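# Fold and geometry: a report
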Amino acid sequence: MKYLCVMYHDIYPDDHSGYADIGKSATSYHVSLSRFQQHLEIYKEHGLSFIAEADLVNNNQDNIHSVLITFDDGWQGSLTIAADLLKSQNIPAVYFITTNFIGMDYFANKSEIKDAHQKGFIIGSHGVTHRMLSSLNISEIEEELTTSKSILEDIIGEEVNSFSLPGGAGDNRVFRIAQDLGYKYIYTSDIAINPTRKDIRNIARVGLMDKTPDDVVHRWADFDVAKEWRKKTLLSIPKTLL
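In this text the structure is predicted, and so the values were computed from the model without any measurement. Per chain, the residues get numbers from 1 upward, laid out in the order the sequence is written. Given that this is a predicted model, residues contribute local features only at a pLDDT of at least 70 and side-chain atom pairs are listed and counted only at 80 or more, while totals for whole chains, interfaces and linings are drawn from all residues. Based on all heavy atoms of the structure, the side-chain values leave hydrogens and waters out of the count.

## Some points on the pattern of salt bridges
Just so we agree on the cut-off: Salt bridges are counted wherever a side-chain nitrogen of Lys or Arg sits within 4 Å of a carboxyl oxygen of Asp or Glu. Numbering of helices and strands runs from the N terminus, with a helix taken as a DSSP run of H or I at least four residues long and a strand as a DSSP run of E at least two residues long. Think of it in three bands: with a 1.4 Å probe and only protein chains considered, a residue is buried below 20% of the maximum accessible area for its type, exposed above 50%, and partly exposed in between.
Under the criterion given, the structure shown has eleven salt bridges. Salt-bridge contacts for Arg131 lead to Glu144; the nearest nitrogen and oxygen are separated by 3.2 Å. Of the two residues, Arg131 sits in the loop between β7 (122-125) and α4 (138-156) while Glu144 sits in helix α4, which places them 13 residues apart along the sequence. On the basis of relative accessible area, Glu144 is assigned to the buried category, the value being 2%. Asp171 is the salt-bridge partner of Arg173, the closest N and O atoms lying 3.0 Å from each other. Classification of Arg173 by relative accessible area gives partly exposed; the value is 25%. A residue is classified by how much of its surface remains accessible, and Asp171, at 22% relative accessible area, is partly exposed.

Right, dumping it as structure tokens:
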């Protein structure tokens, strides 16, 4: 099975985003409810099936094209507004929570996280502080991954074995430590159609914004991410080589 993994952050009501005091830089990847609904319709139009995280393991359906929906950070709208919409359509999703953000303004509280889990959604870790893990030392990486895992497991009463790299910043140390701590699924910001060479140890994702043009969403739903892959690859080349 080939699948597109899409990354969202918050979903807000069309009439009011409520983010005026935190600025556009922190909310650039937030999507209005109507746009989110349009994205879901585009995925359906392209014949994509909505899959759950568990479907990624031992899957032999090579001819099936699917989409997996994820949310980063733990924004309140994603765990309430989006969760209610997805639940009403029986669409699975994975929520990655930054534990220091729990209960802060605009972010979900423990009750809302637990409620989303009880609705059938997967709860995963997005670290404690949202620091870029590749910039930390080993003990700091272990603290981010261990503490966030423990906090979330206390909230949902179940093992947490999914992790999303904050800012997509990971290196070999981060991947090794995450696996050693029991994380089975590791989500990145690499741009590709899944499965990647490392399969569920490196689940590539494309990020959606409110202003992402429909033609781009259609192209991604048609499994064409080549333009974005080339751009990211070019940007990753050291400037001394250009």
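Following the structure, the description resumes.
## Observations regarding the packing of aromatic side chains
Rule in force here: Stacked, edge-to-face and tilted labels apply to pairs of Phe, Tyr and Trp rings (six-membered ring for Trp) whose centres lie within 6.5 Å, assigned for plane angles under 30 degrees, over 60, and everything in between, in that order. By definition, being over a ring means that NZ of Lys or CZ of Arg is both within 6 Å of the ring centre and within 35 degrees of the ring normal.
Taken as a whole, this structure holds ten aromatic pairs when the rule is applied. On the basis of an interplanar angle of 70° and a centroid distance of 6.4 Å, the ring pair of Tyr43 and Phe50 is categorised as edge-to-face. Every member of this aromatic cluster is reached through a ring pair, and the members are Tyr8, Phe36, Phe71, Tyr95 and Phe121. Sitting over the face of the ring of Tyr183, Lys149 holds its NZ or CZ atom 5.8 Å from the ring centroid.

## Observations concerning the nonpolar core
Quick reminder of the rule: By nonpolar core we mean a set of buried residues, namely Ala, Val, Leu, Ile, Met, Phe, Trp, Tyr and Cys, connected to one another through side-chain atoms within 4.5 Å. We call two residues in contact when some of their heavy atoms are within 4.5 Å.
Membership of the largest hydrophobic core comes to 53 residues, with the highest contact counts inside it found for Tyr8, Phe36, Tyr43, Phe71, Leu86 and Tyr95. The contacts of Tyr43, once residues within four sequence positions are left out, are Val6, Tyr8, Leu48, Phe50, Val67, Leu208, Val217 and Ala221. Among the nonpolar cores identified, the runner-up in size contains twelve residues, and Cys5, Leu56, Val94 and Ile200 belong to it.

## Some remarks on the pairing of strand β5 (residues 65-73)
Threshold: Strand pairing requires that DSSP identify at least two bridges connecting the strands.
Within β5, eight of the nine residues are buried, which leaves it mostly tucked inside the rest of the structure. As judged from the seven bridges shared by strand β1 (residues 2-8) and β5, these two strands associate in the parallel manner. Following the sheet pairing, Cys5 is matched in β5 by Leu68. Here two bridges tie strand β4 (residues 49-50) to β5, and the two strands are oriented parallel to one another. What sits directly across from Phe50, in β5, is Val67. Pairing geometry for β5 and strand β6 (residues 94-97), over four bridges, is parallel. Along β6, the bridge assignment pairs Asp72 with Phe96.

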